[in-house]
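# Chain and residue survey
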Amino acid sequence: MNVFFRPPKEDDIDQIMQIENAGFTADEAASKTAMMDRIRILSDSFIVAINETDCPIGYVVGPIISKRYLSDDLFESTRPNQPFGGYQSILSLTVAPGYRNCQIGSKLLSVLEQQCRLQNRKGITLTCLESLIPYYKKQGYQLEGLSESQHAGVAWYNMVLELDDTPNEF
């Protein structure tokens, strides 16, 4: 199976929302309005995996932030990214059910990491459920404890992939 990567397009929204809703609970999932804002505003940190027919089969998205850990306000409003520095956050990484267990999530993380290195990002930061900690550890992320996030009323854990150990002003 060939997988390709590109920025999102506005007409991807319905397929992206199907993937989002299959990957997250109703409380965890982004709304269509929030996702459209991410497509329009964060296209430089939104990577879509597509199949041979240019149909989205997974994606990773998040804004560039100055802090090491995500805060709940990131799920509510979207602001443009700074061109260099800071931390790449991940608000959503998910793959369509029919394409799971095909390493697409790992490939999306790898493409995101390459992009972040080119943009001199300090690291990549995310929160995940306890059940996903082993997955992200396998991808090189370090567990940094329980998050302060109250998103969807569940316990989240901070995971960080360091990309640069030099101070990085934002």
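About the thresholds
- Residues numbered from 1 in each chain as written.
- Predicted model: local features only at pLDDT ≥ 70, side-chain atom pairs only at ≥ 80, totals over all residues.
- Heavy atoms only, no water.
- Helix = DSSP H or I, 4+ residues; strand = E, 2+ residues; numbered from the N terminus.
- Expected span 1.5 Å × (residues − 1).
- Buried < 20%, exposed > 50% of the residue type's maximum accessible area, 1.4 Å probe, protein only.
- Contact = heavy atoms within 4.5 Å.
- Polar contact = N/O pair within 3.5 Å; in protein donor to acceptor, adjacent residues only side chain to side chain.
- Pairing = 2+ DSSP bridges.
- Axes fitted to C-alpha atoms, helices over the stretch in contact; angles between N-to-C directions.
- Salt bridge = Lys/Arg side-chain N within 4 Å of Asp/Glu carboxyl O.
- Core = buried A, V, L, I, M, F, W, Y, C linked by side-chain atoms within 4.5 Å.

Attention now moves to helix H3 (residues 104-118). Taking 1.5 Å as the rise per residue, H3 with 15 residues should run 21 Å; its terminal C-alpha atoms sit 21 Å apart, in good agreement. Regarding H3, the residues found buried are Ile104, Gly105, Ser106, Leu108, Leu109, Leu112 and Cys116. After H3 finishes, the residue Asn120 shows a positive phi value of roughly 55 degrees.

This paragraph deals with the environment of Tyr59. Note that Tyr59 resides in strand E3 (residues 56-61). In this structure Tyr59 comes out as buried when scored by relative accessible area, which is 0%. Taking C-alpha positions, Tyr59 is 5.8 Å from Leu93, a pair spaced 34 residues apart along the chain. Leaving out residues up to four positions away in the same chain, Tyr59 has contacts with Ile16, Ile19, Glu20, Met35, Phe46, Ile47, Val48, Ser92, Leu93, Thr94 and Leu108. Within the structure, the side chain of Tyr59 is placed 2.2 Å from the side chain of Glu20, a separation counted as a polar contact.

This next bit is on the sheet that holds strand E8 (residues 142-146). Judged by pairing direction, the sheet is mixed, and its five strands sit side by side in the order E4-E5-E7-E9-E8 without closing on themselves. In this open sheet, the two edge strands, each paired with only one partner strand, are strand E4 (64-65) and E8. Pairing between strand E7 (residues 123-128) and strand E9 (residues 157-162): six bridges, direction antiparallel. Its bridge partner being in E9, Thr125 is matched across the sheet by Val160. Along the sheet, H3 makes contact with strand E5 (87-90), E7 and E9, crossing E5 at roughly 160 degrees.

In this section: the pattern of salt bridges. As enumerated under the stated definition, the model contains nine salt bridges in all. Glu162 is the partner of Arg68 in a salt bridge, and the nearest nitrogen-oxygen pair spans 2.4 Å. Here the residue Arg68 occupies a position in the loop between E4 and E5, and Glu162 occupies one in strand E9, the gap between them amounting to 94 residues. Residue classification places Arg68 among the partly exposed residues on the basis of a relative accessible area of 26%.

Turning our eyes to something else, we now look at unusual backbone geometry. Despite not being glycine, Asn101 shows a phi value in the positive range, around 65 degrees. Residue placement: Asn101 occurs in the loop between strand E6 (92-95) and H3. The class of Asn101 is exposed, set by a relative accessible area of 81%. Even without a glycine there, the phi angle at Gln103 is positive, about 70 degrees. As for its position among the elements, Gln103 is in the loop between E6 and H3.

Ile90, Ile124, Tyr136 and Tyr141 are the most contacted members of the largest nonpolar core, which has 23 residues in total. In terms of residue count, the dominant contributor to this core is H3 (five residues). Setting aside residues up to four positions removed in sequence, Tyr141 forms contacts with Ile90, Leu109, Ile124, Leu126, Tyr136, Met159, Val160 and Leu161. Within the second largest apolar cluster, 16 residues are counted, among which are Ile13, Met35, Ile50 and Val61.

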